[in-house]
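Breakdown of the fold
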Amino acid sequence: MTPLTGYLLVAALLFAIGLAGALTRRNAILVLIGIELMLNAANLNFIAFWRYGPHPEALTGMMFAIFSIAVAAAEAAVGLGLVIQIHRHAHTTDLDQMNRMKG
Amino acid sequence: MSIVFFAIAGLSVAGALAAVALKNTVHCALALTVAFAGLALLFLELDAQFAGFAQILVYIGAVAILVVFAILLTRGSETPKDGIYSTKWLLGLVTASGIFAVLAWAVLHSTWALPGPEGAPTAAPAVTVMDIGNALMGRYVLPLEIVALLLTSALIGAVIVAMHEKESAQ
């Protein structure tokens, strides 16, 4: 097994764990945690391909990962703000109980 | 494949598993921090120092703290009576396992268009933070500005969304 294969397998495993968390948990915050894990797995792929790719000096994968980290931070802030507002409105973070678009 | 890689990868995967499987939501957030730290170590192991330290600053320093705040503000640490998993948890688990199987099969059965025999260890790329700064201010200046705009709008949007409305409180 080459190093690149190892990193890609770890990233695939982390992505699957994040997806399983996002699909199976009831708590909205836990779903956001799963989404963050999936984004991180994608970042690991970018960095691994940057490291073992043919032109690391072009910095493409590195830049993509850095911008992805910034976008994920914005996503986490807005997502958790939404969860807090929904909890204030409906007094629950249970996604199975959030079945109405209209308050 | 070095022993260091396996240790760090095991730490990250264990942290991620605990983050999605533990019962207490606060414990999940702490396990998530472990997973983020493991990923930062993986970045450092891949000679991506800047991305690794950005990961530590942004994820452990900001996102994990934000998650803990959200959990405490929503009293999410209380375990719900009817279980922590959604009603369709089996479907989700099967979907996730299937996607991992497909990804692992694709990774293991691909031929790499990369220098060296199938991505064999190459010399560490000589990339300094100065090169990254030059690239950010040169070739990638437009994405940088767009990210600055996105972060500003996300900041304002998150504050507006979470802002307490006095009218609705009564």
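Residues numbered from 1 in each chain as written. Chains lettered and ligands numbered in written order. Predicted model: local features only at pLDDT ≥ 70, side-chain atom pairs only at ≥ 80, totals over all residues. Heavy atoms only, no water.

To continue, consider the overall build of chain A. For chain A, the count of helices and strands is three helices and zero strands. Here the C-alpha atoms of chain A give a radius of gyration of 17 Å, more than 25% beyond the 13 Å that 2.2 N^0.38 yields for 103 residues. Here chain A holds 103 residues, and the buried ones make up 64% of them. Long-range pairs, those at least 24 residues apart, make up 60% of the contacts in chain A with a sequence separation of at least 6. For chain A, the accessible surface area stands at approximately 3900 Å², while carbon and sulfur atoms represent 68% of it. Looking at chain A, you have 6 positive and 5 negative side-chain charges, and the mean spots of the two groups are 11 Å apart. (Helix = DSSP H or I, 4+ residues; strand = E, 2+ residues; numbered from the N terminus. Rg over C-alpha atoms; globule rule 2.2 N^0.38 Å. Buried < 20%, exposed > 50% of the residue type's maximum accessible area, 1.4 Å probe, protein only. Contact = heavy atoms within 4.5 Å. Areas by Shrake-Rupley, 256 points an atom, 1.4 Å probe, with all protein chains shown as cover. Lys, Arg positive; Asp, Glu negative; His and termini not counted. Charge placed at Lys NZ, Arg CZ, Asp CG, Glu CD.)

Moving on, we get to the overall build of chain B. Looking only at helices and strands, one finds seven helices and zero strands in chain B. Written out in order from the N terminus, the α and β elements of chain B read α-α-α-α-α-α-α. For chain B, the residues scored as buried account for 32% of the 170 residues in total. Long-range pairs, those at least 24 residues apart, make up 55% of the contacts in chain B with a sequence separation of at least 6. Surface summary for chain B: the accessible area is close to 10100 Å², and the carbon and sulfur share equals 73%.

Here we take up the domain arrangement of chain B. For chain B, the assigned domains read domain 1 (1-79) and domain 2 (125-170). Look at where the C-alpha atoms of domain 1 of chain B and domain 2 of chain B centre, and you get two points 22 Å apart. (Domains from an automatic or database assignment.)

What follows deals with the interface of chain A and chain B. With 68 residues of chain A at the interface, the matching set in chain B holds 87 residues. Of the roughly 6800 Å² buried at the junction of chain A and chain B (both faces included), carbon and sulfur atoms supply 78%. Along the contact surface separating chain A from chain B lie one salt bridge. Residue aspartate 47 of chain B pairs with arginine 51 of chain A through a salt bridge whose shortest N-O separation is 2.7 Å. (Buried area = accessible area lost by both parts, 1.4 Å probe. Salt bridge = Lys/Arg side-chain N within 4 Å of Asp/Glu carboxyl O.)

Residue and element names in this part refer to chain A. For the coordinates displayed, the defined rule picks out five aromatic pairs over all chains. Aromatic pair tyrosine 7 and tyrosine 52: ring centres 6.4 Å apart, planes at 35°, arrangement tilted. You can see tyrosine 7 sitting in helix 1 (residues 3-24) and its partner tyrosine 52 sitting in helix 2 (residues 28-52), a full 45 residues away along the chain. Among the residues examined, tyrosine 52 registers a relative accessible area of 9% and is labelled buried. (Phe/Tyr/Trp six-rings, centres within 6.5 Å; stacked < 30°, edge-to-face > 60°.)

Right, let's get into the packing of helix 2 (residues 25-45) of chain B against helix 3 (residues 49-73) of chain B. All names here are of chain B. Interaxial distance between helix 2 and helix 3 falls to 8 Å at its minimum, and their mutual angle equals 175°. Taken together, the axes of helix 2 and helix 3 are roughly antiparallel relative to one another. Of the residues contributing to the contact of helix 2 with helix 3, the split by class is 19 nonpolar, five polar and no charged. (Axes fitted to C-alpha atoms, helices over the stretch in contact; angles between N-to-C directions. Parallel < 35°, antiparallel > 145°, perpendicular 65-115°, else oblique. Nonpolar A, V, L, I, M, F, W, Y, C, P; charged D, E, K, R; others polar.)

Before going further, it helps to spend a moment on the confidence of the model for chain B. Per-residue pLDDT for chain B averages 85, and the proportion of residues at 70 or more is 86%. With a pTM of 0.89, the predicted complex shows an ipTM of 0.91. (pLDDT = per-residue confidence, 0-100.)

Here we come to the pattern of salt bridges. Residues and elements named next belong to chain A. With the rule as written, the count across this model stands at two salt bridges over all chains. A salt bridge links aspartate 94 to arginine 26; its shortest N-O distance comes to 3.1 Å. Here the residue aspartate 94 occupies a position in the segment after helix 3 (60-90), and arginine 26 occupies one in the loop between helix 1 and helix 2, the gap between them amounting to 68 residues. By relative accessible area, which is 8% here, aspartate 94 ends up buried.

Moving on, we come to the side chain of histidine 87 of chain A. Position of histidine 87 of chain A among the secondary structure elements: in helix 3. Among the polar contacts listed, one links the side chain of histidine 87 of chain A to the backbone oxygen of threonine 74 of chain B, at a separation of 3.1 Å. Each residue touching histidine 87 of chain A, except ones within four places of it in the same chain, is listed here: Thr92 and Thr93 of chain A together with Leu73, Thr74 and Arg75 of chain B. (Polar contact = N/O pair within 3.5 Å; in protein donor to acceptor, adjacent residues only side chain to side chain.)

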